[in-house]
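Examination of the molecular architecture
For reference, the chains in residue letters:
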Amino acid sequence: MDRVPEGDTVWLAAQRMHTALAGATLRRGELRVPQLAAVDLTGATVTEVVPRGKHMLTRLADGRTLRTHYRMDGSWHIYRPGSRWRGGPGHSIRAVLATDEWECIGYRLHDVRLVPTSQESELVGHLGPDVLGPDWDVEEVLRRLRSQPDEQIGVAILDQRNLAGIGNLYKVESLFLTGVHPWARVADVPDLRGLVERARTLMLANRHHPEQSTTGETRRGQDHWVAGRKGRPCRRCRTPILLGDQDPDLQERVTWWCPRCQATPAPVDPRARTGEPGTEARRARY
């Protein structure tokens, strides 16, 4: 399974970037995206680097903020001066922030914007409470989720307007651990608070290291309950894990689940694909 960046990945990267850059002056500051190609950040002093959901905010002493987003394939890499950059081909570099001590190289970054720090809300103000942030407010998250009771829960908890930072991995793993079917309506989730808190607990447990384990095991193939395990036996009941497509706003996300451990008596969206003739749908992938 491809490891798509999630909130804990961005959180860890921001901590490392902050350690490397905060208080230092940039001796090289390049933004290799068309709309910012003429911008030179050389000479600017970095005050802090903070995460906001899946966004990273690099704040400068001159009152500007650089916002970057990983989306599906972005990453920041940190090197000592003179070290070889190994994050990908040169043409995939989108930002270079270098001081006398460190070189921070952004590969395949998306949504690169440079705005006055006072206007950050225009970029991230729409986000819900950050799962790993100081603004975390579970009551507000529950209020936002419950405001759309008929939404599929697997779509709702990925909606960054409800809570910021959760991605597909923590979606499928927390749904499994709480026994909730991905296509169940928000209104039909028996313990919505428990689901949200379980997702947050998993992210808190993984934020200090790059490995993302939800089982307590770090060995490849043993680190997840259902993610990346289509057709393999459920670790709890031995039923084969299913894989289907869940499509929020036409953006297809693959979803793994156990049809036994996550069975639901509530109505399920017909797009839930189990692959079993005569069950919830007809077009599954194993």
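Refer to the preceding data block for the structure.
Owing to the predicted nature of the structure, the values given are computational and were not obtained by experimental measurement. (Residues numbered from 1 in each chain as written. Predicted model: local features only at pLDDT ≥ 70, side-chain atom pairs only at ≥ 80, totals over all residues. Heavy atoms only, no water.)

Digging into the nonpolar core
Core analysis: the largest hydrophobic core is formed by 40 residues, its most contacted members being Leu145, Ile153, Leu163, Ile166, Leu192 and Val196. Breaking this core down by element, the ones donating at least two residues are helix 1 (7-21), helix 3 (138-146), helix 4 (153-156), helix 5 (168-177) and helix 6 (192-206). If near-sequence neighbours (up to four positions away) are discounted, Val196 is found in contact with Trp136, Val138, Val141, Leu142, Leu145 and Leu163. The next biggest cluster of nonpolar side chains, apart from the first, holds 25 residues, and it includes Met17, Ala95, Cys104 and Leu109. (Core = buried A, V, L, I, M, F, W, Y, C linked by side-chain atoms within 4.5 Å. Buried < 20%, exposed > 50% of the residue type's maximum accessible area, 1.4 Å probe, protein only. Helix = DSSP H or I, 4+ residues; strand = E, 2+ residues; numbered from the N terminus. Contact = heavy atoms within 4.5 Å.)

Description of the packing of helix 5 against helix 6
Relative orientation of the contacting elements helix 5 and helix 6 amounts to 125°, with a least axis distance of 9 Å. Of the possible angle classes, the one that applies to helix 5 and helix 6 is oblique. The two elements helix 5 and helix 6 meet at a crossing, and its hand is right-handed. Contact with helix 5, carried on its side by Tyr170, Glu173, Ser174, Leu175 and Leu177, involves Leu195, Arg198, Ala199, Leu202, Met203 and Asn206 of helix 6 and no other residues of that element. Among the residues making up the contact of helix 5 with helix 6, the classes are represented as seven nonpolar, two polar and two charged. (Axes fitted to C-alpha atoms, helices over the stretch in contact; angles between N-to-C directions. Parallel < 35°, antiparallel > 145°, perpendicular 65-115°, else oblique. Left-handed = near helix turned anticlockwise from the far one by under 90°. Nonpolar A, V, L, I, M, F, W, Y, C, P; charged D, E, K, R; others polar.)

What to know about the environment of Arg113
Here Arg113 shows up in strand 8 (residues 110-116). The spacing of Arg113 and Leu123 is ten residues in sequence and 8.7 Å in space, taken between C-alpha atoms. If near-sequence neighbours (up to four positions away) are discounted, Arg113 is found in contact with Leu36, Thr65, Leu66, Arg67 and Leu123.

Thoughts on the sheet that holds strand 4 (residues 64-69)
An order of 2-3-4-8 is seen for the four strands of this open sheet, with the pairing classed as antiparallel. A single partner strand is all that each edge strand has here, and the edge strands are strand 2 (46-52) and strand 8. Neighbour-to-neighbour, the strand axes of the sheet open up by a mean angle of 15°, direction not taken into account. Strands strand 2 and strand 3 (55-60) of the sheet are contacted by helix 1, whose axis makes an angle of about 175° with strand 2. (Pairing = 2+ DSSP bridges.)

Overview of empty space enclosed by the protein
With the rule as written, the count across this model stands at one cavity of 30 Å³ or more. When its volume is computed, the largest cavity comes out at roughly 40 Å³. Gly7, Trp11, Pro51, Gly53, Asp130, Leu132, Gly165 and Met203 are the residues that line the largest cavity. The residue makeup of the lining of the largest cavity, split by class, is four nonpolar, three polar and one charged. (1 Å grid on protein atoms, 1.4 Å probe; cavity = no way out; pocket = protein on both sides within 12 Å on 5 of 7 lines; lining within 4 Å. Points joined across faces, edges and corners; volume = space filled by probe spheres on them.)

Some words on the layout of surface pockets
The volume enclosed by the second largest pocket comes to roughly 520 Å³. The dominant element in the lining of the second largest pocket, judged by the number of residues it contributes, is helix 1, at six residues. Here the residues of the lining of the second largest pocket are counted per class, giving ten nonpolar, seven polar and five charged.

Regarding the sheet that holds strand 1 (residues 28-31)
In spatial order, the strands read 1-6-7-5; together these four strands make up an open sheet with antiparallel pairing. Each edge of the open sheet is held by one strand with a lone partner, namely strand 1 and strand 5 (75-79). Across this sheet, the average inter-strand angle for adjacent strands is 15°, counted without regard to direction. Sheet analysis places strand 5 next to strand 7 (residues 103-107), joined by five bridges and oriented antiparallel. Opposite His77, over in strand 7, you have Ile105 as the bridge partner. Across the sheet, helix 1 lies against strand 5, strand 6 (93-98) and strand 7, angled at about 35° from strand 5, the strand it touches most.

A few points about the side chain of Glu173
On the secondary structure map, Glu173 appears in helix 5. Buried charge Glu173 goes without a salt bridge, the closest partner of opposite sign being Arg235 at 7.0 Å. A polar contact is formed between the side chain of Glu173 and the side chain of Thr214, at a distance of 2.3 Å. If we ignore the near neighbours within four places in the chain, the residues touching Glu173 are Leu202, Thr214, His224, Trp225, Val226 and Ala227. (Lys, Arg positive; Asp, Glu negative; His and termini not counted. Salt bridge = Lys/Arg side-chain N within 4 Å of Asp/Glu carboxyl O. Polar contact = N/O pair within 3.5 Å; in protein donor to acceptor, adjacent residues only side chain to side chain.)

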